[in-house]
Amino acid sequence: MRRLLTVLLAPLLALLLTPLVTGAAQARPQRQVTYDHWSLMLDGRRVVLQAAEFHYFRLPSPPLWRDVLEKFKAAGFNAVSLYFSWAYHSPRQGVYDFTGVRDLDLLLRTAAETGLYVIARPGPYINAETSGGGLPAWVKTVPGRARSSEPGFREAYREWLDRVNPIIARHQYGRGGPVILYNAENEYQVNTDAAYMQDIQDRARAAGIDVPITTNDCCDAGSWSSTWATGPGAVQIPGVDDYPQSFACDTPEEWGPWGEGLTERLREDIPVFAAEYQAGAIDLGGAGYDRCRELTGPAYMKFFYKNNLIQTGATMLSYYMGFGGTNWGWLGQPNDVYTSYDYGAAITEARRLTPKYDEFKRQGLFLESVVPLARTDPLAARPVPDNAALTTVARANPDTGTQFVLVRHADRAATSTDTATLDWAAPDGRYQVPVRVAGRDAHVLVAGYDLGGQRLAVSTSEIMTHAAIGGRDVAVLYGTAGSPGATVLRYASAPRVTVLAGRVAGTYAGGDLRLDYTHDGLARVLVTGGGRRPLLLLLGTDEEAAAFWRAGTARQPVLVRGTELVRSASVNGDTVRLTADTAAGEVEVFAPPQASRLRVGGADVAVTRTASSSLLGVTRAPAPVRLPVLTGWRGRAETPEAQPGFDDSRWTVADRTTTVSPHKPRTLPVLYADDYGFHQGDIWYRGHFTATGAETSVDLNAVTGLRGDYLVWLNGRYLGAAAGGVQADSGDQATPPNPDPGPGHFAVPAGVLRPGADNVLAVLVATMGHNDDWIADDLRFKQPRGLVAASVGGAAIRWRVQGAAGVDPVRGGLNNGGLYGERSGWHLPSHPDRSWPAADPAATPLTPGVTWYRTSFRLDLPEGQDVPVGLRAAGEPSPGHRVLIFLNGWNIGRYGAGLGPQREFTLPAGLLKERGENTLALAVTAERPLPAGPGPFELFAYGNVRR
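What you see is a predicted model; the values in this text were computed from it and never measured. (Residues numbered from 1 in each chain as written. Predicted model: local features only at pLDDT ≥ 70, side-chain atom pairs only at ≥ 80, totals over all residues. Heavy atoms only, no water.)

## Brief notes about the overall build of the chain
- When helices and strands are counted, the chain shows 13 helices and 55 strands.
- Radius of gyration (C-alpha) of the chain: 32 Å, near the 30 Å computed for a compact globule of 947 residues.
- Across the 947 residues in the chain, those meeting the buried criterion constitute 61%.
- Accessible area of the chain: about 33500 Å², with a carbon and sulfur share of 52%.
- One way to put it: in the chain the 91 positive side-chain charges average out to a point 7 Å from where the 96 negative ones average out. (Helix = DSSP H or I, 4+ residues; strand = E, 2+ residues; numbered from the N terminus. Rg over C-alpha atoms; globule rule 2.2 N^0.38 Å. Buried < 20%, exposed > 50% of the residue type's maximum accessible area, 1.4 Å probe, protein only. Areas by Shrake-Rupley, 256 points an atom, 1.4 Å probe, with all protein chains shown as cover. Lys, Arg positive; Asp, Glu negative; His and termini not counted. Charge placed at Lys NZ, Arg CZ, Asp CG, Glu CD.)

Below, the structure is given as structure tokens:
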């Protein structure tokens, strides 16, 4: 019987299993990234790429990576641009670390989990105002010009690429990952070395990189489209960098001194790519990053970013920076930055949201919602304003006919507000509609658009977002407060118009429903009938629009008004669940009609049903937080290296007579710190010589980078300090180097020398990081650090040198320099300091040299709340000292009158134990006797929200 059943059922089983077997045998369709004249395409689906730059190495706390990336996603960004810093991963040649805070697999997985695509930018050179531009300092000691195909550097950069490329490759879009673009090099001038650019790409392809390769050209964009369009070194999608506001944060009233923004299409076969577009600024003048945020604030963003979309037709946009972060340790380069790299970005260094974030969200949700913008051509027949003060530019989608009109002032620097009537020949008819544009503002208006189940004929309100929710369309439109608005919708018959809130007048004629209103608060209009599904139209001001969030769920999106941030949402049965940051205030959710309950975070929120069929409730305030007062300081002086009896026998002998640096020493031996493997922070030198007694001066030269100095002792007697040489002393291809950089001339006091005996010259050099290599010039990049010349009369000096004791296995090679306290672990929380005497850093007198202060404090921040904590120096810093600030062993800041305007330092969670014991250590280097040290110091909270 069993055999009979088998025979009878076999054909049926075969029939049922055939498609399964065939399907399993067939390869799944390969996910692909392609492009054409108009846009990138993912599996054939057009996208407008909107990316924000994020530097994981400036936030060494992986749990906070997700926080920042979720904030990008919530603002409508669909991608993140990531530099990968070679220097951050490689403290020595042949040594690489991709664990802990350097875990790139975790970083890329986190990007994917937050729903962001990735532009991978592994350099080798990245600039980014990092020390050496991201090139490891050990590269300064290899032969061959940096950023070239010359032997020496070629072997070095291949070593890096052969390690980082496989990580990127396994996270590509075609393998289910987020990486959709690979950026070769950074701001590389095309006439430098085409073979180098080609080899970078060949290494990528050999490692399995199959996504389009891009680059970002700063100042020679035209030659990318001609010289390298098809020849060696050409990339598939060249893009341009543009910083139209420059970096004059001290004069934010300046308006676009570097031009109007993107004005050119590099090639006809590729989209317009703003590979780095200004979204903040370096604080060159020391005005503070709030001023940089003003320089590149919402007005600038509206004018320039919308111009790029419509005037130029850009569909690939990457903004620098979305979040700046911190130049902790010796990460930053010495010339343009201080500890903070806040950059005036939309998200502050303490991860707080700003009005710039609101503008990114208004534009980002528009780009996410209005799909026809991904393919447009210039439209000659644009609407004409009847006021010459205003001008228009238009584009249209050739498939749908949807029109996009940019309205702005004819004079980009205008500060007046002007009104006009637009005579608009739209796809659905000709319309006369009012517009009002404030100075330094711009609006993108849409016509002929299928807004979900609706037909939008024209509107002089901008679209923020729209979604089909529960059988109806919900749309958020907005405009400048006080400006007139008109929205025309098409219907087969007269619909029913119900004004739920605000003042809106509706008229229907000839298939057009015209709504007229003034942008004031949030008006709500429900339109039903007319042959279409219902529409809830939310008409608000810029400020009202900024209160909205859009979050996807398994079936359809929800819109949320209120809360500090919405990270994600889900609808399960009758309950809407939001993962959100909240303070006390209203929260309103537009969700499917079956939803009647709301849960935010882990708490239920009592809600009522509004006339808009939304759920309205009030979230609770977070629990208050009280931070401890910093007391119990202990102090200890160091600088034993200055004393003649100090044992330096295990220090490195400095006896080299040659160097690969193009800067040749004036005296021998070569004393360049990098040549002896010491690259960061403070460097100690001890020179032994036999004195005749006739020596009258100590003559030194040292190169430190901007804001660096050096202190000098002879036989334990302090001689004084001098400023070190800077980048300007390095020269360039047209200017020879300064032969006398960072000079210091110190008289030998009577009675200090010991004729006929061993004398000790001790020098503490504070190096401030390495020059970038922006123009691929070794004179600049390979400028040495440390002593570059030394003499005491004609005495022969035997030198030893000491820097950092080694590479911190957790914090890496950029965290520490060579102070005695650093080499002895005084900065670490585990160091026993009970034997240190009590010492108030705000009151204890300082002697020349280095003094350390330590204290501990305990935090018990509430679970489920985000409370970014900072450290504030409440007093005025002295120009005579500089301070290194360590939190639990992490060098989180440099403080002092000569080190920039910064007085507040972020203490990121992860480095900071939010529920536990923390240790602060200060290393204070004084150039002269001072009546007191730095301080007082206090903890403060940047904000407090429920999570």
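From this point, the discussion proceeds with the structure in view.
## Some points on the nonpolar core
- In this structure, Phe54, Phe72, Phe84, Trp86 and Leu578 are the most contacted members of the largest nonpolar core, which totals 194 residues.
- Of the residues forming this core, the biggest block, 9 residues, is contributed by helix H5 (residues 153-169).
- In this structure, Ala654, Leu671, Phe689 and Val788 belong to the second largest nonpolar core, which totals 35 residues. (Core = buried A, V, L, I, M, F, W, Y, C linked by side-chain atoms within 4.5 Å.)

## Looking at the packing of helix H4 (residues 104-113) against H5
- Viewed as axis vectors pointing N to C, H4 and H5 meet at an angle of 30°, and their least axial separation amounts to 10 Å. Between H4 and H5, the crossing angle belongs to the class labelled roughly parallel. Taken as a pair, H4 and H5 cross one another with a handedness that is right-handed. Seen from H4, the contacting residues are Leu104, Asp105 and Leu108; seen from H5, they are Val164, Ile167 and Ile168.
- In terms of residue class, the contact of H4 with H5 is made up of 5 nonpolar, no polar and 1 charged. (Axes fitted to C-alpha atoms, helices over the stretch in contact; angles between N-to-C directions. Parallel < 35°, antiparallel > 145°, perpendicular 65-115°, else oblique. Left-handed = near helix turned anticlockwise from the far one by under 90°. Contact = heavy atoms within 4.5 Å. Nonpolar A, V, L, I, M, F, W, Y, C, P; charged D, E, K, R; others polar.)

## A closer look at the sheet that holds strand E13 (residues 384-385)
- In spatial order, the strands read E13-E16-E17; together these 3 strands make up an open sheet with antiparallel pairing. Only two strands of the sheet have a single partner each, and these edge strands are E13 and strand E17 (429-437).
- As judged from the 2 bridges shared by E13 and strand E16 (residues 418-426), these two strands associate in the antiparallel manner. Residue pairing across strands places Val384 opposite Asp423, the latter belonging to E16. (Pairing = 2+ DSSP bridges.)

## A short note on the packing of H5 against helix H6 (residues 194-206)
- Interaxial distance between H5 and H6 falls to 10 Å at its minimum, and their mutual angle equals 30°. Between H5 and H6, the interaxial angle falls into the category roughly parallel. For the pair H5 and H6, the sense of crossing is right-handed. Along its contact with H5, which presents Phe153, Tyr157, Arg158, Leu161, Asp162 and Asn165, the element H6 presents Tyr196, Asp199, Ile200, Arg203 and Ala204.
- Broken down by class, the residue content of the contact of H5 with H6 amounts to 6 nonpolar, 1 polar and 4 charged.

## Focus on the side chain of Thr487
- With respect to the helices and strands, the residue Thr487 is situated in strand E22 (residues 484-490).
- The buried category is assigned to Thr487, whose relative accessible area is 0%.
- At 2.8 Å, the side chain of Thr487 forms a polar contact with the side chain of Ser459. (Polar contact = N/O pair within 3.5 Å; in protein donor to acceptor, adjacent residues only side chain to side chain.)

## A short note on the environment of Pro901
- For Pro901, the location among the structural elements is in the loop between strand E51 (890-895) and strand E52 (904-907).
- Residue class for Pro901 comes out partly exposed when judged on its relative accessible area of 31%.
- C-alpha separation for the pair Pro901 and Ala287, spaced 614 residues apart in sequence, amounts to 7.3 Å.

## Description of the sheet that holds strand E3 (residues 45-47)
- Pairing is antiparallel in the open sheet, where 3 strands are placed in the order E1-E2-E3. The open sheet terminates on both sides in strands that have one partner only, identified here as strand E1 (33-35) and E3. Across the sheet, the axes of successive neighbouring strands diverge by a mean angle of 40°, strand direction being ignored.
- Note that E1 and strand E2 (residues 40-42) share 3 bridges and pair antiparallel. Looking at the pairing, Tyr35 lines up with Leu40 of E2.

## Here's the deal with the side chain of Ser148
- Structurally, Ser148 can be placed in the loop between strand E6 (117-121) and H5.
- We classify Ser148 as buried; its relative accessible area is 0%.
- A polar contact of 3.1 Å, which involves the side chain of Ser148, links it to the backbone nitrogen of Glu150.
- When sequence neighbours within four positions are dropped, the list of residues in contact with Ser148 reads Phe153, Arg154, Tyr157, Tyr188, Asp193 and Tyr196.

## Topic: the packing of aromatic side chains
- As enumerated under the stated definition, the model contains 51 aromatic pairs in all.
- Where Phe72 meets Phe77, the ring centres are 5.8 Å apart and the plane angle is 55°; that geometry is what we call tilted. Both residues of the pair, Phe72 and Phe77, belong to the buried class.
- Put simply, the rings of Phe54, Phe72, Phe77, Trp255, Tyr277, Tyr300, Phe303, Phe304, Tyr305, Tyr319, Phe323 and Phe360 pair up and form one aromatic cluster.
- In this arrangement the basic side chain of Arg375 is found over the ring face of Trp38, its NZ or CZ atom lying 4.0 Å from the centre.
- Across the ring face of Phe940, the terminal group of Arg872 is positioned such that the distance to the ring centre comes to 4.0 Å. (Phe/Tyr/Trp six-rings, centres within 6.5 Å; stacked < 30°, edge-to-face > 60°. Lys NZ or Arg CZ within 6 Å of the ring centre and 35° of its normal.)

## Some remarks on the environment of Asp193
- Mapped onto the elements of the fold, Asp193 is located in the loop between strand E7 (179-183) and H6.
- The sequence separation of Asp193 and Pro62 amounts to 131 residues, and the corresponding C-alpha distance is 37 Å.
- In this structure the side chain of Asp193 is engaged in a polar contact, spanning 2.8 Å, whose partner is the backbone nitrogen of Ser149.

## Section: the pairing of strand E30 (residues 565-572)
- In this structure, E30 lies alongside strand E31 (residues 575-581), joined through 7 bridges in antiparallel fashion. Opposite Ala569, over in E31, you have Leu578 as the bridge partner.

## A short note on the pairing of strand E20 (residues 462-469)
- Taken across its 8 residues, E20 has 7 buried, putting it largely inside the fold.
- What sits between the antiparallel neighbours E20 and strand E21 (residues 472-479) is a turn of 2 residues, in which Gly470 has the positive phi angle 60°.

## A few points about H5
- Across its 17 residues, H5 extends 23 Å between first and last C-alpha, which sits within 8% of the 24 Å expected from 1.5 Å per residue.
- The complete set of buried residues in H5 reads Phe153, Ala156, Tyr157, Glu159, Trp160, Leu161, Val164, Asn165, Ile167, Ile168 and Ala169.
- Each element contacted by the buried residues of H5 is listed here: helix H3 (86-89), H4, E6, E7 and H6. (Expected span 1.5 Å × (residues − 1).)

## Describing the pattern of salt bridges
- One pass over the full model with this rule turns up 50 salt bridges.
- Here Arg154 and Glu155 are joined by a salt bridge, their closest N and O atoms 3.3 Å apart.
- The class of Arg154 is partly exposed, set by a relative accessible area of 24%.
- Looking at Glu155, the relative accessible area reads 40%, which means it is partly exposed.
- One salt bridge in this structure joins Arg533 and Asp473, with 2.8 Å as the shortest N-O distance. Of this pair, Arg533 sits in strand E27 (residues 532-541) while Asp473 is found in strand E21, placing the two residues 60 residues apart along the sequence.
- Given the relative accessible area of 1%, Asp473 is considered buried.
- Salt bridges sharing partners connect three or more residues here, namely Asp67, Glu70, Lys71, Arg351, Arg352, Arg567, Asp581, Asp866 and Arg947. (Salt bridge = Lys/Arg side-chain N within 4 Å of Asp/Glu carboxyl O.)

## Some remarks on the environment of His466
- Inspection of the secondary structure puts His466 in strand E20.
- The exposure class of His466 is buried, given its relative accessible area of 10%.
- Setting aside anything within four residues of it in sequence, one finds His466 in contact with Ser369, Tyr449, Leu451, Gly452, Val474, Ala475 and Arg550.
- There is a polar contact of 2.6 Å between the side chain of His466 and the side chain of Tyr449.

## Digging into H6
- Taking 1.5 Å of rise per residue, 13 residues should cover 18 Å, and H6 covers 18 Å from first to last C-alpha, within 8% of that figure.
- Capping the start of H6, Asp193 holds a side-chain oxygen 3.1 Å from the backbone nitrogen of Ala195, two or three residues further along.
- Gly208 sits one or two positions beyond H6 and adopts a positive phi of about 95°.

## Points about the confidence of the model for the chain
- On average, the chain scores 93 in pLDDT, and the residues at 70 or more come to 95%.
- Within the model, pLDDT remains below 50 along residues 1-28, and this stretch shows 0 contacts once partners closer than five positions in the same chain are excluded. (pLDDT = per-residue confidence, 0-100.)

## Some thoughts on unusual backbone geometry
- The step from Tyr320 to Met321 runs through a cis peptide bond, and the omega angle for that step is 0°.
- Here Met321 lies in strand E11 (residues 316-323).
- With omega at 0°, the peptide bond leading from Gly935 into Pro936 counts as cis.
- Of note in the backbone geometry, Glu187 takes a positive phi value of approximately 50° without being a glycine.
- Position of Glu187 among the secondary structure elements: in the loop between E7 and H6.
- With a phi angle near 65°, Ser613 is a residue other than glycine that sits in the positive phi range.
- Position of Ser613 among the secondary structure elements: in the loop between strand E35 (607-609) and strand E36 (615-619).
- Given the relative accessible area of 35%, Ser613 is considered partly exposed.

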